[in-house]
Amino acid sequence: MAKTRFIQSSFVSGELSPLLKGRIDLAQYYQGVQTAKNVVIVPQGGMKRRPGTEYVQTVINTLSRNTTVPTVPNGGTAGNVNDDNDNTTSVTTVGISTTNPYVVCKFDLGSAKAIEFFDVRNVFLSAGTSDEFKIQYSTDDVTYVNAASVPLLGISSQDFRLFIGKTARYWRLARVGAADLTTAVITVGTVAPIEQTATASNFKMLDFSVEDARHYLLVVTENNIRVFRAPNTHVADIKTTIASADVPEVRATQVENVMLLFQENTIPKRLINLGTDIDWFIDNVPFSNVPQFDYNDASSPTPVSDVQVMTLNHAHFVAGDKFQIDIEGVTSKNITFAGDATADEQSSTKFNIERNIQEMPVMGETGVTVTRTGAFQYTITVGGESAKNFELYSAFASTGTANKTITFTKDPASGGQDGSPRKEDVWSATRGYPKTACFYEGRLVLGGTRSKPQSLFFSKSGSFFDFDIDDGDDDEAIFVTISSRKLNDIVDVFPGRNLQIFTSGAEFAVTSSPVTPSNAQVKPQTSHGALNVETQDVDGSTIFVDRNGKSIRDFVFSFNEDAYVTQDLSVLASHLITQPVDMALLSGTQSDDANWVFFVNNDGKGVILNTLRAQDITGFTRWENTGSIKGVCVVDEDLYLITERTVNSSTVKFLERWNFDYKMDASTKIAPTSSQTVLTGLDHLEGQTVQIVADGVVLQPRAVSSGSITLESSETGYTSVEVGLNFPIELKPMPLNTNVGSGQNQMRLKRVVRINSRVFESSGVYVNGNAVPIRAFGPAPDTPLDNPPDVLTGIIDDIYGTDGWTREEVPVFTVPDPTPFHIQMIEFEVESS
């Protein structure tokens, strides 16, 4: 039998589609594999075990306000304290002085309740400052324990959401301390206990990096934003009014310490970090001069005509004289006075006035009518699409004799009246709010609303919240709508080389620079369309999910085309992409692990794209765990994911962080004492069968009960014990194809006689279910027994042989235990017919 050798020294093409099994003409065929499960590509050529995930916290469910009315021992209006209205206040009537404790309000919930938060809002002192106010709880209404501290209070109103996480029947807001506040009293708009319900909330994770040393992960759920200081410290919660159904569509953009949040059904929010981990402020974005638009439908306001009565000085006006009308600073063309004596003259004069006013830029296409209501008196009615309250009319003669005067009145006695428009704010609760946003060339760019899904809005240059478009100056706001032959709802706007606009039907760009009202043109580039997933910038190209949800594309400028072009990055691994719902980028360098782009499919499986354009590296691998992955987010150098699992018959969402120091998922590291056998702190894994790794030694699995596991006495003495959910690793090369002299043998019967493999810091490797020897016996002092398991860096010889003959003979590498794995090269010795 002919014998050949084949070496696979690169795996940078990742897992390849089954449709490529016959494409032995492609270079990627020899750099890819059939299966790459729970491994990541190393840009230097190999593949290694993906990181485990460190358990951070369980995502909170939807929230409910406990409606108990408190008592107010030191005076006030009890009914105003917990009425869900921050503007109705309760003011204590007894001076605080040195009273300790000074109880502002007290709740008896009737039975012990698990309280997640206390909202303390519109709270301030009448004089002085104090940091001694606490939320306290008690089981007997006698002995109270501090649950949370209210930050420093002063004479300015403040809002707080205080994390509690305790269960008790009695609760109170009290000043606990001895500082003399003399006659000062305290005002509260709301003091409300907030409970978690059993209903899971949707979520959205956002990156908010304030400075190089301060990075935050925001987890948005219904009516709440939970703030984590990277890597994993919960520091604050912020009250919002975002419904669970709307949370997944929240988009954000940031400048310095300010983040703007957008969702089409929610008033845009402004979130500000005021300098510390716990100091946050949130309000509605203070937009001014919101553009007006005439939707002209059943939801439009009913217009009221604006009526002005114009009177010409009849002693001086003669036929042929000309005059101009100024309406709110806008001047008409010359209007010819045709006379006022005969019906024909009056008709001509009315026509001239009506036509010239209608043509003024402050008017719509129609709506202006003029009637003669007396000698030299003409009533101007502005209705329909032109209607609004015009506050300033004036006029002056431009030709003819001197001493001509023109007066205007809105006096109802003379027939005048204020108008109101059919036009309305282009975004509102009725019409929907902007869906996505970015900052570009000193402007805030808003993309699409529910009622104007193809429109872009640019703020004034240097004034992010001002959208004044009236004068059309170069620095003024811009309102432009994409015009095309098909539906192009805006999905995302991205500030790249140009402003890039991704829509449901095509990709566009605003290529003029700088962008002004006179040159703002949205030019079509490619016609693929994007799925509603935020884009990511990778190595100068913008990656997006094609609208069919089956391919990943990059959008990059081509100097040859003088336009943007796209290419399908996932064509060789199309089987891995199934309707992604989220995407995040973890950037690297050429000397590090390249750029990892993480995709979450709608089936809960993940896909990892490893890409380095400079090295022509593009490869996908599978990412699977014991749950269903729901979302990803990158904060600085940390990747976070939320995984849904079933714990004690309940569906729970876990917030986890990728960490190469962890070998398992939802994992916790414990540093036990030398004789400790019971390991606690595992409530999130209750009822789960977990794997245990102690100082690199894999112990027997066991179930978590009452939030703990018990080690045998022989298993003590370890300094670090990791407990988590194991995930399997599987790597299967493509069907072997070698040249046996008479040609290539991919479809011939063959068998693999021998395999040699080069690995880096690996152990616990199996080939076709058979363990590969890593440790070896040497002289007695070097025995591997009774020592932590070795990891091998080097070559494993003669690890496989078989007498079986198949056409697609190929070994399967697996790592069933949570041990390190990094393969660099495989050498096959093959016999072929």
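The notes below deal with the structure included here. (Residues numbered from 1 in each chain as written. Predicted model: local features only at pLDDT ≥ 70, side-chain atom pairs only at ≥ 80, totals over all residues. Heavy atoms only, no water.)

### Remarks on the overall build of the protein chain
Within the protein chain one finds 2 helices and 64 strands. Taken along the three principal axes of its C-alpha coordinates, the protein chain extends 125 × 85 × 40 Å. Out of the 833 residues belonging to the protein chain, those deemed buried represent 53%. Across the protein chain, the fraction of contacts at a sequence separation of at least 24, relative to all contacts at a separation of at least 6, is 63%. For the protein chain, the accessible area works out to roughly 35,000 Å², and carbon and sulfur atoms hold 47% of it. One finds the centroid of the 67 positive side-chain charges in the protein chain at a distance of 5 Å from the centroid of its 99 negative side-chain charges. (Helix = DSSP H or I, 4+ residues; strand = E, 2+ residues; numbered from the N terminus. Buried < 20%, exposed > 50% of the residue type's maximum accessible area, 1.4 Å probe, protein only. Contact = heavy atoms within 4.5 Å. Areas by Shrake-Rupley, 256 points an atom, 1.4 Å probe, with all protein chains shown as cover. Lys, Arg positive; Asp, Glu negative; His and termini not counted. Charge placed at Lys NZ, Arg CZ, Asp CG, Glu CD.)

### Quick look at the environment of Thr405
Looking at where Thr405 falls in the secondary structure, it is placed in the loop between strand 30 (393-397) and strand 31 (406-409). Given a relative accessible area of 42%, Thr405 falls into the partly exposed group. Along the chain, Thr405 and Arg553 lie 148 residues apart, while their C-alpha atoms are 68 Å from each other.

### Focus on the nonpolar core
Core analysis: the biggest nonpolar cluster contains 32 residues, and Met47, Phe813, Ile823 and Phe828 have the highest contact counts within it. Mapped onto this core, the elements with two or more residues apiece are strand 3 (32-37), strand 4 (39-41), strand 58 (729-733), strand 59 (750-762), strand 62 (792-796), strand 63 (813-815) and strand 64 (822-832). Per element, the largest residue contribution to this core is 4 residues, and it comes from strand 64. In this structure, Ile823 is in contact with Phe11, Gly46, Met47, Leu731, Ser757, Arg758, Val759 and Phe813, ignoring residues within four places of it in sequence. Core analysis: the next-biggest nonpolar cluster, separate from the first, contains 31 residues, Val81, Phe118, Leu125 and Ile164 among them. (Core = buried A, V, L, I, M, F, W, Y, C linked by side-chain atoms within 4.5 Å.)

### Comments concerning the pattern of salt bridges
One pass over the structure, following the stated rule, counts 41 salt bridges. The closest approach of N and O atoms between Arg121 and Asp159, which form a salt bridge, is 3.5 Å. Of this pair, Arg121 sits in strand 9 (residues 102-125) while Asp159 sits in strand 12 (residues 158-175), and the two are 38 residues apart along the sequence. A relative accessible area of 16% places Arg121 in the buried class. Exposure remark for Asp159: the relative accessible area of 40% places this residue in the partly exposed category. Between Glu644 and Lys653 there is a salt bridge, and its shortest N-O distance comes to 3.4 Å. For Lys653, a relative accessible area of 12% puts it in the buried group. (Salt bridge = Lys/Arg side-chain N within 4 Å of Asp/Glu carboxyl O.)

### Points about the side chain of Thr611
Within the element layout of this structure, Thr611 appears in strand 47 (residues 606-612). At 3.4 Å, the side chain of Thr611 forms a polar contact with the backbone oxygen of Ile617. Residues contacting Thr611, with those up to four places away along its chain left out, are Val538, Asp539, Ala594, Asn595, Val597, Ile617 and Thr618. (Polar contact = N/O pair within 3.5 Å; in protein donor to acceptor, adjacent residues only side chain to side chain.)

### Section: the sheet that holds strand 19 (residues 251-255)
If you trace the 4 strands from one edge of the open sheet to the other, you get 19-20-21-22, paired in antiparallel fashion. Two strands close off the open sheet at either side, each with one partner strand: strand 19 and strand 22 (280-284). Neighbour-to-neighbour, the strand axes of this sheet turn through a mean angle of 20°, independent of strand direction. With 5 bridges connecting them, strand 19 and strand 20 (residues 258-263) associate as antiparallel partners. In the sheet register, Ala252 faces strand 20, and the bridge partner there is Leu261. (Pairing = 2+ DSSP bridges. Axes fitted to C-alpha atoms, helices over the stretch in contact; angles between N-to-C directions.)

### Some words on a negative patch on the surface
A contiguous patch of negative charge on the surface is contributed by Asp470, Asp471, Asp473, Asp474 and Asp475. One can find Asp473 in the loop between strand 35 (455-458) and strand 36 (478-481). For Asp473, a relative accessible area of 40% translates into the label partly exposed. (Patch = residues over 30% accessible without salt bridge, like charges linked within 9 Å, V, L, I, M, F, W, Y side chains within 5 Å.)

### Notes on the sheet that holds strand 33 (residues 436-440)
Overall, antiparallel pairing links the 4 strands, which are arranged 33-34-35-36 in an open sheet. The open sheet has two edge strands with one neighbour each: strand 33 and strand 36. If you compare each strand with its neighbour and ignore which way they point, the axes differ by 20° on average. For strand 34 (residues 443-447) and strand 35, the ladder comprises 3 bridges, and the chain directions are antiparallel. Counterpart to Val445 in the pairing with strand 35 is Phe458.

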